[in-house]
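Topology and contacts: notes
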Amino acid sequence: MPTEPPKPAVRRTRLTPEREAELYEAVLAILREVGYDALTMDAVAARTHSSKATLYRQWKGKPELVAKALRHNKPGSLEGIDTGSVRGDLHAMVCQADTEQMEKDTALLRGLGHAVHTNPELHRALREVLVEPEMGWMDEMLRRAVERGELAADNPAIPFVAHMMIGGFLARPLIEDRAPDAEFLTHYVDAVIIPALGV
């Protein structure tokens, strides 16, 4: 009795980089608008004129799609900043920040909210995208300051510089209902971080 030839495996169509970027931007836009819990694959499909089947062929589900969108949206590198002083480096860091992007990042953090702490993949992606790159640069910046003799190696404020920066970034929307911008962060550096370091 003849048997049917096996059906070929379904191949995952590769998205163009442009289409992939478009999908990730849509995911982040919806995330900012409604938050993680309310974000659905249906909403992403509608926003991007895709089918849910297409989305599930590319990504296993919402956590993977959001995590990869976060990774794709990496902020600009701080590695090239080296002005020769701690104050100069911190000013250069906040002055290169784009106000519109900071507003988007603030909305993104709001949209992720509780989900970041309950979903390990999302938490890992947020650390990779927004925390670890800046932590690495800050550690290097402070190491250079110690080598220059600008800071004492045992300065008790050194381990908390990143905490102070993130605190200023997150506190302004909560206290003033305004997104942080370069002007605010420059004043914050001079009023809070520089005195704490004793520079």
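Everything quoted here is computed from the prediction, not taken from an experiment.

About the thresholds
Residues numbered from 1 in each chain as written. Predicted model: local features only at pLDDT ≥ 70, side-chain atom pairs only at ≥ 80, totals over all residues. Heavy atoms only, no water. Helix = DSSP H or I, 4+ residues; strand = E, 2+ residues; numbered from the N terminus. Buried < 20%, exposed > 50% of the residue type's maximum accessible area, 1.4 Å probe, protein only. Phe/Tyr/Trp six-rings, centres within 6.5 Å; stacked < 30°, edge-to-face > 60°. Contact = heavy atoms within 4.5 Å. Polar contact = N/O pair within 3.5 Å; in protein donor to acceptor, adjacent residues only side chain to side chain. Axes fitted to C-alpha atoms, helices over the stretch in contact; angles between N-to-C directions. Parallel < 35°, antiparallel > 145°, perpendicular 65-115°, else oblique. Left-handed = near helix turned anticlockwise from the far one by under 90°. Salt bridge = Lys/Arg side-chain N within 4 Å of Asp/Glu carboxyl O.

1. Examining unusual backbone geometry
Even without being glycine, histidine 49 reaches a positive phi, approximately 55°. Within the element layout of this structure, histidine 49 appears in the loop between α2 (41-48) and α3 (52-58). The backbone of aspartate 177 sits at a positive phi, close to 60°, despite the residue not being glycine. Relative to the helices and strands, aspartate 177 is located in the loop between α9 (161-176) and α10 (182-197). Assessed through its relative accessible area of 70%, aspartate 177 is described here as exposed.

2. Remarks on the environment of alanine 97
Its location among the elements puts alanine 97 in the loop between α5 (86-95) and α6 (99-112). Given the relative accessible area of 26%, alanine 97 is considered partly exposed. Taking the C-alpha atoms as reference points, alanine 97 and leucine 174, 77 residues apart in sequence, are found 20 Å from one another.

3. Points about the packing of aromatic side chains
Tallied over the entire structure, the rule returns two aromatic pairs. With a centroid separation of 6.2 Å and an interplanar angle of 20°, the aromatic rings of phenylalanine 184 and tyrosine 188 are classed as stacked. Residue phenylalanine 184 and its partner tyrosine 188 are both found in helix α10; the two are separated by four residues, about one turn of the helix. Like phenylalanine 184, the residue tyrosine 188 is buried in the burial classification.

4. Some points on the environment of leucine 151
Relative to the assigned elements, leucine 151 resides in the loop between α8 (120-148) and α9. Residues leucine 151 and histidine 72, spaced 79 residues apart in sequence, show a C-alpha to C-alpha distance of 36 Å. Excluding anything up to four places from it in sequence, leucine 151 contacts Val86, Leu142, Ala145, Val146, Ile158, Leu197 and Val199.

5. A few points about α5
Residues of α5 that are buried include every one of Val86, Asp89, Leu90, His91, Met93 and Val94, and no others. Of the residues that open α5, the one with a side-chain oxygen 2.9 Å from the backbone nitrogen of glycine 88 is serine 85.

6. Concerning the packing of α5 against α10
Helices that pack against each other are described as a pair by the angle of their axes relative to one another and the distance between those axes. The interhelical angle for the contact between α5 and α10, taken along N-to-C directions, is 155°, at an axis separation of 9 Å. Compared by their axis directions, α5 and α10 come out roughly antiparallel. As for how α5 packs across α10, the hand of that crossing is right-handed. Residues Val86, Arg87, Leu90, His91, Val94 and Cys95 of α5 form the contact with α10, whose own contacting residues are Ala182, Leu185, Thr186, Val189, Asp190, Ile193, Ile194 and Leu197.

7. A word on the pattern of salt bridges
By the definition in use, this model includes 16 salt bridges. Between arginine 71 and glutamate 128 there is a salt bridge, and its shortest N-O distance comes to 2.8 Å. Residue arginine 71 is found in helix α4 (residues 62-72), and its partner glutamate 128 is found in helix α8; the two are separated by 57 residues along the sequence. Judged by its relative accessible area of 25%, arginine 71 falls in the partly exposed class. Among the ionic pairs, arginine 178 bridges to glutamate 176, the shortest N-O distance being 3.9 Å. Classification of glutamate 176 as partly exposed rests on a relative accessible area of 37%. Residues joined in a network through salt bridges with shared partners are Arg172, Glu176, Arg178 and Asp181.

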